[in-house]
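# Commentary on secondary and tertiary structure
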Amino acid sequence: MSKPLSAPVAAFADQGIRWVAITWVNHAGAPLVKVVPLSAFDAAVAVGVGFSPVSDAFRADGAIDPAHGLARPDGDLRLRADPAALALLELGSGWAWAPGERFERSGEPYVGDQRHGCRRQQEQLQQAGVELRAGFELEWLVATADAEGAPQPALPGGPYGADRLVEGLDYATALLDALEAAGIPWLQFHPEYGAGQFELSLAPGTPLEAADRLVHARLVIQRLTRRFGWRCSFSPKPSLERVGNGGHLHLSLQRDGLPLLQGGDGPGGLSDPGAAVLAALLAELPALLALACPLTMSYRRLAPGSWSAPFQVWGIENREAALRLVPALGDGAAAHLELKVVDLAANPYLVLAAVQAVALAGLDEARPLPLPVSGDPAQLPAGAALRLPASLAEASAAFAASALLRQAFGEELHTSLIDSQAAEVRRCAGRDDAELAAADAWWPLVGGLP
Ligand code: GLU
Ligand code: MG
């Protein structure tokens, strides 16, 4: 007789679920997967399924970088599914999804696991009485491939246009239905500025929930778009002449139940601890960029005047400031921060692990917050607004030099992330922008179109 299913798994079986796709996101930002039958899900939670550590030596095109410290044939890990996050992948198809974390065969957590790193930082913040809530905004291009394989917008219509919404209303209906069926809470959906571009703002949650939600939502969007015969691109720059896709991160903080980014007499009503968090994030931005913008192509998106905010400044409601404070006003909404530089090639677990570590360090040891910048930082006198790193090599050097992030990730994970950044720099060396944009045009379709 087979073992009885746990209650949550039995409930999924009753809904016709037969298979579970268990994902984790590697250093290159690609979601990787193993599938188990639903009847084996409880074992996938308790014991896990095999995954070689070499998968973190994959480059963004899926090739193993031979110079990466993890490019070794030995060792094995167990990917354990998180049962609390088990959710539908696609209605009516028998597929469910769950995020996983990798463990050593001894049962110890694997120090290189990205989701585990995010969980550890979440626990540390909680121990300090602080709760960070996060939510991603996703932008993507809905496209078909032209004769050269380059993305061509699949839907006409203008920026934020009701014309584009109505042209694609069947797509929008199916997409919003699919998100609801998958249990992905969202706040807002719209046609974005770029031709054929759409945006979805996900509801905030704990850092783990926010990162899981992003991974899940991208899979649902990718699947649904394919069903319409189109493809979606989450590439930071699907082609050089098109608008980029951002993955802006919204953050709010509470300490002992009280909102931290408001109620003070700092600019925008910032409290002293809120200002300390902002100052720490601002100071660590060059290093954070290596995680938030991990592709060479990411830096083609980060151009002044494109609302991707490539300056190391903060501002109140300023969309060209890397950190935008949205202050609390009369409408009762709590103040929050938007980190605009993040793109969707980033591993969201790593970004949120780092952001939490920086926030906690800021609260522990406050440093002065510079004045906010209003208007376009690119128009300020030379030197008044520091440009953020303009290449991955530059951001990676800042990441390598960050004692704070080295300590937060631990020596092993920090070093292996630097290896992955170097692998991306090597992958792109000697290739021009047009060639690279074409190679990554369909991200996260690893390796592009055949
Ligand atoms: N597409 C822009 C980016 O690359 C963002 C536009 C907006 O502000 O929503 O981040
Ligand atoms: Mg947008």
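Refer to the structure presented above.
Since we're looking at a predicted model, the values are computed, not measured.

Our focus in this paragraph is the site of ligand 1. Around ligand 1 lies a shell of 13 residues, among which E139, G244, H248, R301 and K340 are the nearest. The side chain of H248 places a nitrogen or oxygen atom 2.8 Å from an oxygen atom of ligand 1. A distance of 3.1 Å separates an oxygen atom of ligand 1 from a polar side-chain atom of K340. When grouped by side-chain class, the residues that make up the shell around ligand 1 number 2 nonpolar, 6 polar and 5 charged.

Contact geometry of helix 7 (residues 272-292) with helix 9 (residues 348-364) gives a least axis separation of 8 Å together with a crossing angle of 145°. Judged by the sense of rotation from one axis to the other, the crossing of helix 7 with helix 9 is right-handed. Each of P273, A276, V277, A280, L281, E284, L288, L291 and A292 in helix 7 lies in contact with helix 9, whose residues at this interface are L350, V351, A354, V355, V358, A359, G362 and L363. For the contact of helix 7 with helix 9, the class distribution of residues is 15 nonpolar, 1 polar and 1 charged.

With 13 residues, helix 5 (residues 169-181) extends 18 Å between its outermost C-alpha atoms, agreeing within 8% with the 18 Å of an ideal straight helix rising 1.5 Å per residue. G183 occupies a position one or two residues after helix 5 and carries a positive phi of about 75°.

All right, on to unusual backbone geometry then. Cis rather than trans, the peptide bond between W443 and P444 has omega equal to 10°. Following the sequence through the fold, P444 ends up in the segment after helix 13 (433-439). Within the chain, D256 stands out as a residue other than glycine whose phi angle is a positive 50°. Tracing the backbone shows D256 in the loop between strand 12 (249-255) and strand 13 (258-259). The exposure class assigned to D256 is exposed, which follows from its relative accessible area of 66%. Even without being glycine, W307 reaches a positive phi, approximately 60°. Residue position: W307 is located in the loop between helix 8 (298-301) and strand 14 (314-316). Classification of W307 by relative accessible area gives partly exposed; the value is 47%.

Turning to the pairing of strand 10 (residues 197-202), a few remarks are in order. Burial runs high along strand 10: 6 of the 6 residues are buried. Side chains Q197, E199 and S201 of strand 10 all project onto a buried face; the interleaved residues F198, L200 and L202 project onto the opposite face, where all are buried too. Two elements, strand 7 (residues 130-145) and strand 10, share 5 bridges in a ladder whose sense is antiparallel. Bridge assignment links E137 to a residue of strand 10, and that residue is S201. Hairpin connection between strand 9 (residues 186-191) and strand 10: a loop of 5 residues separates the two successive antiparallel strands, and G196 in this loop has a positive phi of roughly 70°.

Mapping T296 onto the fold places it in the loop between helix 7 and helix 8. Once residues within four sequence positions are removed from consideration, T296 is found in contact with E424, C428 and L436.

A probe as big as a water molecule, rolled over the atoms, marks out the empty space that is left. Scanning all chains against the criterion turns up 3 cavities of 30 Å³ or more. By volume, the largest cavity amounts to about 220 Å³. Lining the largest cavity are 17 residues, with H27, A28, P294, S420 and Q421 sitting closest to its centre. The set of elements that each furnish at least two residues to the lining of the largest cavity consists of helix 7 and helix 12 (411-428). Here the element with the most residues in the lining of the largest cavity is helix 12; it accounts for 5 residues. For the lining of the largest cavity, the class distribution of residues is 11 nonpolar, 4 polar and 2 charged. By volume, the second largest cavity amounts to about 50 Å³. For the lining of the second largest cavity, the secondary structure elements donating two or more residues are helix 3 (114-127) and strand 7.

The full count for this structure, using the stated rule, is 21 salt bridges. Residues E101 and R115 are paired through a salt bridge, measuring 2.6 Å at the closest nitrogen-oxygen approach. Taken together, the residues span a long stretch of sequence, with E101 in strand 6 (residues 95-104) and R115 in helix 3 at a distance of 14 residues. Here E101 and R115 have matching classes, each one buried. The partner of R324 in a salt bridge is E338, and the shortest N-O contact between them spans 2.6 Å. A residue pair is termed long-range when its members are at least 10 positions apart, and R324 in strand 15 (residues 323-326) and E338 in strand 16 (residues 336-339) qualify at 14 residues. Residue classification places R324 among the buried residues on the basis of a relative accessible area of 7%. Overall, the relative accessible area of 2% leaves E338 in the buried class. One network of salt bridges, with partners in common, ties together D82, E101, R115, R119 and D212.

Cut-offs and rules
- Per chain, the residues get numbers from 1 upward, laid out in the order the sequence is written.
- In the order they appear in the text, chains get letters beginning with A and ligands get numbers beginning with 1.
- Restriction of local features to residues with pLDDT of at least 70 applies here, the model being predicted, together with a cutoff of 80 or more for giving and counting side-chain atom pairs; totals for whole chains, interfaces and linings are based on all residues.
- To obtain the side-chain values, all non-hydrogen atoms of the structure were included, while hydrogens and water were left out.
- Any residue with a non-hydrogen atom lying within 4 Å of a molecule or strand is treated as near it.
- N or O atoms within 3.5 Å of each other form a polar contact, as long as, within protein, one can give a hydrogen and the other can take it, and as long as residues adjacent in sequence are counted only when both atoms are side-chain atoms.
- Each residue gets one label: Ala, Val, Leu, Ile, Met, Phe, Trp, Tyr, Cys and Pro are nonpolar, Asp, Glu, Lys and Arg are charged, and the others, such as Gly, are polar.
- Here an angle of 0 to 180 degrees is reported between the N-to-C directions of two axes, which are lines fitted to C-alpha atoms, with helices fitted over the stretch in contact.
- Under the scheme used here, helices are H or I runs from DSSP no shorter than 4 residues and strands are E runs no shorter than 2 residues, and both carry numbers assigned from the N terminus.
- Helix crossings get a hand from a simple test, with the near helix turned counterclockwise from the far one by less than a right angle marking a left-handed crossing and a clockwise turn marking a right-handed one.
- Residue contacts are counted whenever heavy atoms from the two residues lie within 4.5 Å of one another.
- Expected helix span is computed as 1.5 Å times (number of residues minus one).
- We call a residue buried when its accessible area falls under 20% of the maximum for its residue type, exposed when it is over 50%, and partly exposed in between, using a 1.4 Å probe and counting protein chains only.
- A pair of strands is considered paired only if DSSP assigns at least 2 bridges between the two.
- Lining residues are defined by having an atom within 4 Å of a point belonging to a cavity or pocket. Those points lie on a 1 Å grid over the protein atoms alone, cavities being sets where a 1.4 Å probe fits but cannot get out and pockets being open sets with protein on both sides within 12 Å along at least five of seven lines.
- Grid points are joined across faces, edges and corners, and a volume is the space filled by probe spheres set on the points.
- For this analysis, a salt bridge means a side-chain nitrogen from Lys or Arg found within 4 Å of a carboxyl oxygen belonging to Asp or Glu.

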